[in-house]
Amino acid sequence: MGLLPAESGTLITSKAKDVKLLNEGVENCAMDIVQKISSGELEMTKMFVKTEIHPQKCDDSGIDWVFFADTLNFSFWMPEDGPQYVVTYKGTTYTGYLAMCAAINRALDQKVALTDPKYFVNIDKDTLGNLLVGDNDVPIPLLDRRVDCLHEVGSVLMEKFSGSFNQVLSQCENSATKLLELVLTNFPCFNDCATFEGTQVSFHKRAQILVADIWCLFEGTGRGGFSHIEQLTMFADYRVPQSLQHYGVMKYSEELSVFLNKDELLEPGHRWEQEIRGCSIEAVERVTRRVREELESKGVKATVNSILVDQFLWGYRREHSEVMKSIPYHKVRSIYY
């Protein structure tokens with residue numbers, strides 16, 4: 001049994017050689033969030049919201065939609081100088097993960113039962129590719145791996161959980177950590193681990209975001225009113241580190257910066273990848289703690305956890321995408337993020 005994501009982040013940060021966390025940056029980021037919360041500009045519980053293309057009803061079909069989307073929630077980036085994966089749906093053009101969400105809804109509108117495990121357990125590459133294709137016939141990245149993931153999770157759901165993720169949810173006893181454990185135990189493609197200096201570490205981006213998305217679907221109530229939700233960390237990806245660099249929370253060595261500016265692929269499991277992801281987790285933990293401390297000292301009541309801080313930083317990157325183009329991000333082709 002390896003370290004949990006929060007423990008992994010602490011360990012990796014303590015041993016990192018090419019990624020450093022700066023207290024001044026943590027303070028800058030935390031105080032910006034505190035100011036936005038205190039002024040009423042930002043309500044943290046509204047950060048993790050259902051957009052117009054997420055399911056609005058917390059029923060079996062909504063649960064299966066979330067599970068399907070998070071099974072495929074990885075690697076949407078495209079080379080900057082080439083065609084981008086975007087999907088125009090009902091007059092709005094979406095990018096990245098949201099583009100895939102739009103494509104899922106487009107398929108459902110066409111009466112294709114795409115999110116039903118009984119349908120996708122045997123889906124073939126051409127069918128999935130056509131259903132998720134972007135504008136101008138730009139294919140979704142890593143199509144082969146997406147097919148493999150759907151076959152894997154579909155088979156498990158059919159064999160062990162009566163063909164629905166709803167049955168997995170029924171076994172978690174309203175605990176975020178129990179649901180996370182069920183996902184990691186039963187669905188190998190969610191098990192996002194690595195070995196760092198001889199220690200097994202974990203990041204679990206997709207597994208944690210799945211739990212958080214179920215929490216969001218139910219708006220933190222009923223079957224999604226999870227205990228232990230605060231034990232989840234941020235979702236270690238390639239976008240949030242851009243926001244962390246922007247705030248001065250994370251700083252890269254010259255060697256790492258030079259590599260990233262070359263716009264070359266980093267191999268999955270590379271030490272640099274682990275340092276960026278691990279330090280991102282620790283960075284958000286520190287920012288979250290600082291925000292809570294400051295709000296408490298001001299007597300401001302607000303729900304703040306690492307999930308919500310992550311969503312603020314993820315959204316901040318999207319809102320300031322032009323500015324963020326000057327901040328390089330690590331490019332890895334992986335099913336984990």
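Up top you'll find the structure we're talking about.
Parameters at a glance
Residues numbered from 1 in each chain as written. Predicted model: local features only at pLDDT ≥ 70, side-chain atom pairs only at ≥ 80, totals over all residues. Heavy atoms only, no water. Salt bridge = Lys/Arg side-chain N within 4 Å of Asp/Glu carboxyl O. Buried < 20%, exposed > 50% of the residue type's maximum accessible area, 1.4 Å probe, protein only. Helix = DSSP H or I, 4+ residues; strand = E, 2+ residues; numbered from the N terminus. Polar contact = N/O pair within 3.5 Å; in protein donor to acceptor, adjacent residues only side chain to side chain. Contact = heavy atoms within 4.5 Å. Core = buried A, V, L, I, M, F, W, Y, C linked by side-chain atoms within 4.5 Å. Disulfide = S-S within 2.5 Å. Pairing = 2+ DSSP bridges. Phe/Tyr/Trp six-rings, centres within 6.5 Å; stacked < 30°, edge-to-face > 60°. Lys NZ or Arg CZ within 6 Å of the ring centre and 35° of its normal. Lys, Arg positive; Asp, Glu negative; His and termini not counted. Axes fitted to C-alpha atoms, helices over the stretch in contact; angles between N-to-C directions. Left-handed = near helix turned anticlockwise from the far one by under 90°.

### Considering the pattern of salt bridges
Pairs may arise between side chains of opposite charge once their charged atoms sit close together.
Item 1. A complete count under the given rule lists 14 salt bridges for this structure.
Item 2. One salt bridge in this structure joins Arg 289 and Glu 282, with 3.9 Å as the shortest N-O distance.
Item 3. The exposure class assigned to Glu 282 is buried, which follows from its relative accessible area of 6%.

### A closer look at the side chain of His 54
Item 1. Inspection of the secondary structure assignment puts His 54 in the loop between helix H2 (23-38) and helix H3 (60-71).
Item 2. In this structure His 54 comes out as buried when scored by relative accessible area, which is 16%.
Item 3. Looking at His 54, its side chain comes within polar contact range of the side chain of Tyr 97, at 3.2 Å.
Item 4. With residues up to four places along the chain from it excluded, the contact list for His 54 reads Trp 65, Tyr 97, Leu 98 and Cys 101.

### Regarding the nonpolar core
Item 1. One finds Tyr 85, Phe 165 and Phe 187 to be the most contacted residues of the largest nonpolar core, which totals 120 residues.
Item 2. Dropping the residues within four chain positions of it, Phe 165 is found in contact with Ile 63, Asp 64, Phe 67, Leu 157, Leu 179, Val 183, Phe 187, Leu 210 and Ile 214.

### Concerning the state of the cysteines
Item 1. Going through the model one piece at a time under the given rule, you end up with zero disulfides.
Item 2. No disulfide involves Cys 189; its sulfur sits 4.0 Å from the nearest other cysteine sulfur, which is in Cys 149.
Item 3. A relative accessible area of 4% places Cys 189 in the buried class.
Item 4. Of the cysteine sulfurs around Cys 279, a residue in no disulfide, the closest is that of Cys 29, at 15 Å.
Item 5. Its relative accessible area of 0% is what places Cys 279 among the buried residues.

### A few points about the pairing of strand E4 (residues 193-196)
Item 1. By the alternation rule, side chains of E4 split into Ala 194 and Phe 196, which are all buried, and Cys 193 and Thr 195, of which none is buried.
Item 2. As defined by bridge partners, E4 adjoins strand E5 (residues 199-202) across four bridges and the pair is classed as antiparallel. Across the sheet, the residue bridging to Phe 196 is Thr 199, located in E5.
Item 3. In this structure, the hairpin formed by E4 and E5 is closed by a connection of two residues, where Glu 197 is found at a positive phi of approximately 50 degrees.

### Some points on the packing of aromatic side chains
Item 1. Here the structure, examined in full by the defined rule, presents 13 aromatic pairs.
Item 2. An angle of 10 degrees between the planes, with centres 4.5 Å apart, marks the rings of Phe 67 and Phe 165 as stacked. Of this pair, Phe 67 sits in helix H3 while Phe 165 sits in helix H8 (residues 165-169); the two residues are 98 residues apart in sequence, bridging distant segments of the chain.
Item 3. Since its relative accessible area comes to 1%, Phe 67 is described here as buried.
Item 4. Look at Phe 67 and Phe 187: their rings are 5.2 Å apart centre to centre, the planes differ by 55 degrees, and that puts the pair in the tilted class. Of the two residues, Phe 67 sits in helix H3 while Phe 187 sits in the loop between helix H9 (176-186) and E4, which places them 120 residues apart along the sequence.
Item 5. Taken together, the ring pairs connect Phe 67, Phe 161, Phe 165, Phe 187 and Phe 190 into an aromatic cluster.
Item 6. Across the ring face of Tyr 329, the terminal group of Lys 331 is positioned such that the distance to the ring centre comes to 3.9 Å.
Item 7. The side chain of Arg 333 reaches across the aromatic face of Trp 77, ending 3.8 Å from its centre.

### Quick look at the side chain of Asp 135
Item 1. Relative to the helices and strands, Asp 135 resides in the loop between helix H6 (125-132) and helix H7 (143-160).
Item 2. No salt bridge is formed by the buried Asp 135. Its closest oppositely charged neighbour is Arg 106, at 5.0 Å.
Item 3. Here the side chain of Asp 135 touches Thr 88 through a polar contact of 2.5 Å, side chain to side chain.
Item 4. What Asp 135 contacts, discounting residues up to four positions off in sequence, is Val 86, Val 87, Thr 88 and Thr 93.

### What about the packing of H3 against H7?
Item 1. Put simply, H3 and H7 touch, their axes get as near as 10 Å, and they point 140 degrees apart. The chirality of how H3 crosses H7 is right-handed. Contacts from Phe 67, Phe 68 and Thr 71 in H3 reach Cys 149, Leu 150, Val 153 and Leu 157 in H7.

### Focus: the environment of Val 133
Item 1. Inspection of the secondary structure assignment puts Val 133 in the loop between H6 and H7.
Item 2. Along the sequence, Val 133 and Lys 17 sit 116 residues apart, while their C-alpha atoms lie 40 Å from each other.
Item 3. Not counting the four nearest positions on each side in its chain, Val 133 is found in contact with Tyr 85, Val 87, Arg 106 and Val 138.

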